[in-house]
Amino acid sequence: EIAEELKTAGMQVSVKALSESDYKSRLASGNYDWYLGEVRLPNTLSLDAVLSGSGGASYGTSAGGRALWAQYKTGELPSAKFVEAFQKEAPFLPLCYAQGLMLSSKRLTGICPSAAGAFCGAEHWQFT
């Protein structure tokens with residue numbers, strides 16, 4: 001589906017299924033413009049899986065990108081500076097989506113969304 005959307009936008013796209021060893025070999029060769037992969041982030045949307053050296057999806061990230069993330073996490077780098085630098089450093093095109101959806105009436109007030117749970121603070125919700 002993504003390939004079809006990119007083709008509609010005028011991009012040449014080829015999709016191939018590879019074994020893990022062939023996949024790593026192709027990535028190591030650097031003979032590509034982009035590669036797409038899927039990573040499930042936790043509800044906090046932490047990028048540790050991608051930007052920590054031990055992250056399961058950190059293959060292909062540079063030492064510079066990982067250093068930026070570490071500085072941001074310790075508070076040494078403000079979020080605006082991290083985003084600005086990360087956009088230049090990013091080894092991938094992030095495609096983000098959320099699992100789940102919450103809907104409510106406009107009459108329901110007092111909702112404070114939380115990554116911890118959809119009903120966090122429900123005792124304060126009121127219908128007006």
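Located above this text is the structure these notes cover.
This structure is a prediction, so every number in the text was calculated from the model and none was measured.

Regarding the overall build of the protein
So, point 1. The helix and strand tally for the protein stands at 5 helices and 2 strands.
So, point 2. Each helix and strand of the protein, placed in order from N terminus to C terminus, yields the pattern α-α-α-α-α-β-β.
So, point 3. Taking all contacts inside the protein whose residues are at least 6 apart in sequence as the whole, residues at least 24 apart take part in 26%.
So, point 4. Accessible surface, the protein: about 10,300 Å² in total, of which carbon and sulfur atoms supply 54%.

Considering the nonpolar core
So, point 1. Within the largest apolar cluster, 8 residues are counted, these being Leu47, Val50, Leu51, Leu68, Trp69, Leu77, Phe82 and Phe86.
So, point 2. Ignoring any residue separated from it by four or fewer positions in sequence, one finds Leu77 in contact with Leu68, Gln71, Tyr72 and Phe82.

Notes on the packing of aromatic side chains
So, point 1. By the definition in use, this model includes 3 aromatic pairs.
So, point 2. When the ring of Trp69 is compared with that of Tyr72, the centres are 5.6 Å apart and the planes differ by 35°; the resulting orientation is tilted. Linking Trp69 with Tyr72, this pair stays in helix α4 (residues 63-73), spanning 3 residues, or about one helical turn.
So, point 3. Trp69 gets classed as buried once you look at its relative accessible area, which sits at 9%.
So, point 4. Judged by relative accessible area, Tyr72 falls into the partly exposed class, the value being 32%.
So, point 5. With centroids separated by 5.0 Å and ring planes inclined at 20°, the aromatic side chains of Tyr72 and Phe82 adopt a geometry described as stacked. Taken together, the residues span a long stretch of sequence, with Tyr72 in helix α4 and Phe82 in helix α5 (residues 79-89) at a distance of 10 residues.
So, point 6. You can call Phe82 buried: its relative accessible area is 6%.
So, point 7. Ring pairing ties together the aromatic residues Trp69, Tyr72 and Phe82, which thus form one cluster.

Rules used in this analysis
- Residues numbered from 1 in each chain as written.
- Predicted model: local features only at pLDDT ≥ 70, side-chain atom pairs only at ≥ 80, totals over all residues.
- Heavy atoms only, no water.
- Helix = DSSP H or I, 4+ residues; strand = E, 2+ residues; numbered from the N terminus.
- Contact = heavy atoms within 4.5 Å.
- Areas by Shrake-Rupley, 256 points an atom, 1.4 Å probe, with all protein chains shown as cover.
- Core = buried A, V, L, I, M, F, W, Y, C linked by side-chain atoms within 4.5 Å.
- Buried < 20%, exposed > 50% of the residue type's maximum accessible area, 1.4 Å probe, protein only.
- Phe/Tyr/Trp six-rings, centres within 6.5 Å; stacked < 30°, edge-to-face > 60°.

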